[in-house]
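Examination of the molecular architecture
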Amino acid sequence: MKLVLLLLLSTAALAAPRSSPTEILILYDNVAAEPGLTAHWGFAALVTHHGRRVLLDTGTKAELFLEHLRKLKIDPATIEQVVISHAHGDHTGGLSSLRAAHPRLVVHEPKKPGPFEVVPGVYSTGIIAGPVTEQAMVIDTPKGLVVLTGCSHPGIVKMVEVAVTQRGARPVRLVLGGFHMLQQSPEQIQGAISELKRLNVAMALATHCSGDLAVKMFREAFGEGPGAGVGRRIVLD
Ligand SMILES: [Zn+2]
Ligand SMILES: [Zn+2]
C-alpha cells in the first residue's frame, strides 16, 4: 500500500513544473499557435493545477490528438481525468484512444447536473441546458476564476453566469474556448461582450467554433491577451 502511494506521488510530481500553480495548454484547436502543430476543427485543452492534470475535451481526429500530445511532450499517463464538455465528435474524437493508452483514466461525460469538484481547485459546472447540454470547466485561482468552454451551445454568457454564481460571484480572470457565434450578428456579439464585462470578465479568448467575426470583436474588446491556438501554453500565477 505504501509503495502504491509513493508511486502515485511521484507521478503527480512529474506531471507539472512546481514553479507555476496553473497552466493551460491547448492541444487541439481550429488555429495553430506553434509551427509543427496542425490546425483542425475541434478543441482540447489540458489544465495543470497544483501538479494535477485534467483535460477538457479530446479534439476530432484521434491520431492528430495523440500526435499533438507527443509533440508537446505530454505523457497520456499523467492525465488523471477528462471532462467532456458535450457529446459532439469534435470534442470526443480522441477519447477512446486516450482510454486505450490510459485504462484507469476517469472520464466525466456530460451527464451530471450541478457543480462538482474534479481535482482540488478545478470544477465542472455540471450540465447546463441549451440546444445541446454542455458542461464548462472552472479553475479557482487566487486572482480569480478561469472558465474553459467546449462550444458554449447554451450560450457563452449563460455558461459564465452559471460558473460565477456557483463559485460565489468571484471575478473572472479568463474565459477561453469555443463561443459558438458563427451565426450571430455584430449586435449579438457586442451584447455578449457587454454582458461578460458586466460579469467582471477581465479577458476572453474566443477560439474554435467562435467564428472569425467574434474572434475579431473579442480581441478588440478585451485585447490580444495570451492568444489561443493549438500549442499555446498559458501560465497563470
Ligand atoms: Zn458542439
Ligand atoms: Zn465544437
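Computed from a predicted model, the values in this text were never measured in an experiment. (Residues numbered from 1 in each chain as written. Chains lettered and ligands numbered in written order. Predicted model: local features only at pLDDT ≥ 70, side-chain atom pairs only at ≥ 80, totals over all residues.)

**Observations concerning the packing of helix H5 (residues 156–166) against helix H6 (residues 186–198)**
Orientation of H5 relative to H6, taken along the N-to-C sense of each, is 10 degrees, at an axis distance of 9 Å. Overall, the two elements H5 and H6 adopt an arrangement that is roughly parallel. Counted together, Ile156, Val157 and Val160 of H5 and Ala192, Glu195 and Leu196 of H6 form the full contact between these two elements. Here the residues of the contact of H5 with H6 are counted per class, giving 5 nonpolar, no polar and 1 charged. (Axes fitted to C-alpha atoms, helices over the stretch in contact; angles between N-to-C directions. Helix = DSSP H or I, 4+ residues; strand = E, 2+ residues; numbered from the N terminus. Parallel < 35°, antiparallel > 145°, perpendicular 65-115°, else oblique. Contact = placed C-beta atoms within 7 Å. Nonpolar A, V, L, I, M, F, W, Y, C, P; charged D, E, K, R; others polar.)

**A closer look at the confidence of the model for the protein chain**
When pLDDT is averaged across the protein chain, the result is 93; 92% of the residues are at 70 or more. A low-confidence stretch, residues 1–18 (pLDDT under 50), is modelled with 13 contacts involving residues beyond four sequence positions or located in other chains. (pLDDT = per-residue confidence, 0-100.)

**Re the pairing of strand S11 (residues 204–207)**
Along S11, one buried face is formed by Ala204 and Ala206 and the opposite face, lined by Leu205 and Thr207, is buried too. The sheet contact formed by strand S10 (residues 172–178) and S11 spans 4 bridges and is parallel. Pairing of valine 175 across the sheet is with alanine 204, part of S11. In this view, the connection linking S10 to its parallel neighbour S11 by way of H6 has right-handed handedness. (Buried ≥ 20, exposed ≤ 12 C-beta atoms within 10 Å, placed from the backbone. Pairing = 2+ DSSP bridges. Right-handed = clockwise from strand over helix to strand, strands pointing away.)

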